[in-house]
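Letter by letter, the chains look like this.
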Amino acid sequence: EKGSVVKARGITLVGINGSGDVTDRSSRVKKLKTCLSLIENSIAEKGYRTVYIRVKGPDGVLLATDSQNKFTCSGEQMIYSASREVDYQGDEVEICVYFENPQGFVKGVYTVDVYTDETKIGSADLLLK
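Notes on the structure in this doc start here. Just so it is clear, the model here is predicted, and its values are computed rather than measured.

## Considering the overall build of the chain
- Within the chain one finds 0 helices and 11 strands.
- The linear arrangement of helices and strands in the chain, starting from the amino end, is β-β-β-β-β-β-β-β-β-β-β.
- C-alpha atoms of the chain, sized along the principal axes, occupy 45 × 30 × 20 Å.
- Within the chain, buried positions represent 43% of all 129 residues.
- Partitioning the intrachain contacts of the chain with sequence separation of at least 6 by distance along the chain shows that 66% fall at a separation of at least 24.
- A gap of 7 Å separates the mean positions of the 17 positive and 18 negative side-chain charges of the chain.

## Considering the sheet that holds strand β1 (residues 8-16)
- Read from one edge to the other, the open sheet built from 4 strands follows the order β2-β1-β3-β9, with strand pairing classed as antiparallel. Two strands in the sheet have a free side with no partner beyond their single neighbour: β2 (22-23) and β9 (93-100).
- The pairing of strand β3 (residues 31-38) with β9 spans 8 bridges and is classified as antiparallel. Across the sheet, residue Leu 38 finds its bridge partner in β9, namely Val 93.

Conventions adopted
- Residues numbered from 1 in each chain as written.
- Predicted model: local features only at pLDDT ≥ 70, side-chain atom pairs only at ≥ 80, totals over all residues.
- Heavy atoms only, no water.
- Helix = DSSP H or I, 4+ residues; strand = E, 2+ residues; numbered from the N terminus.
- Buried < 20%, exposed > 50% of the residue type's maximum accessible area, 1.4 Å probe, protein only.
- Contact = heavy atoms within 4.5 Å.
- Lys, Arg positive; Asp, Glu negative; His and termini not counted.
- Charge placed at Lys NZ, Arg CZ, Asp CG, Glu CD.
- Pairing = 2+ DSSP bridges.

This is the structure:
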């Protein structure tokens, strides 16, 4: 069972401005972009999977546009910031998930935790100036 869990690598978190370019200036960031690779796993169940991200601001508070955005991981209900469905067929697949904060972004360190329905698969940090 443990071997069939999909794992990730290369998780990155960057700020994106209105032109779609990468920036670390909090005043210019329009959305956060989380990219990762789901690792090849021949014994994992094939089919559609949802990847969830939970973004925490510099104050440690979870950023979410809708408190109705919930998923269950390891029997625990959690609110997520954004999600993306991917067709996983056992081969490595790269995906990106975007999060737009209506309140904008402030200076400080942002943390993203990445989950599937099965488990937490990693995290990354971003310092906005």
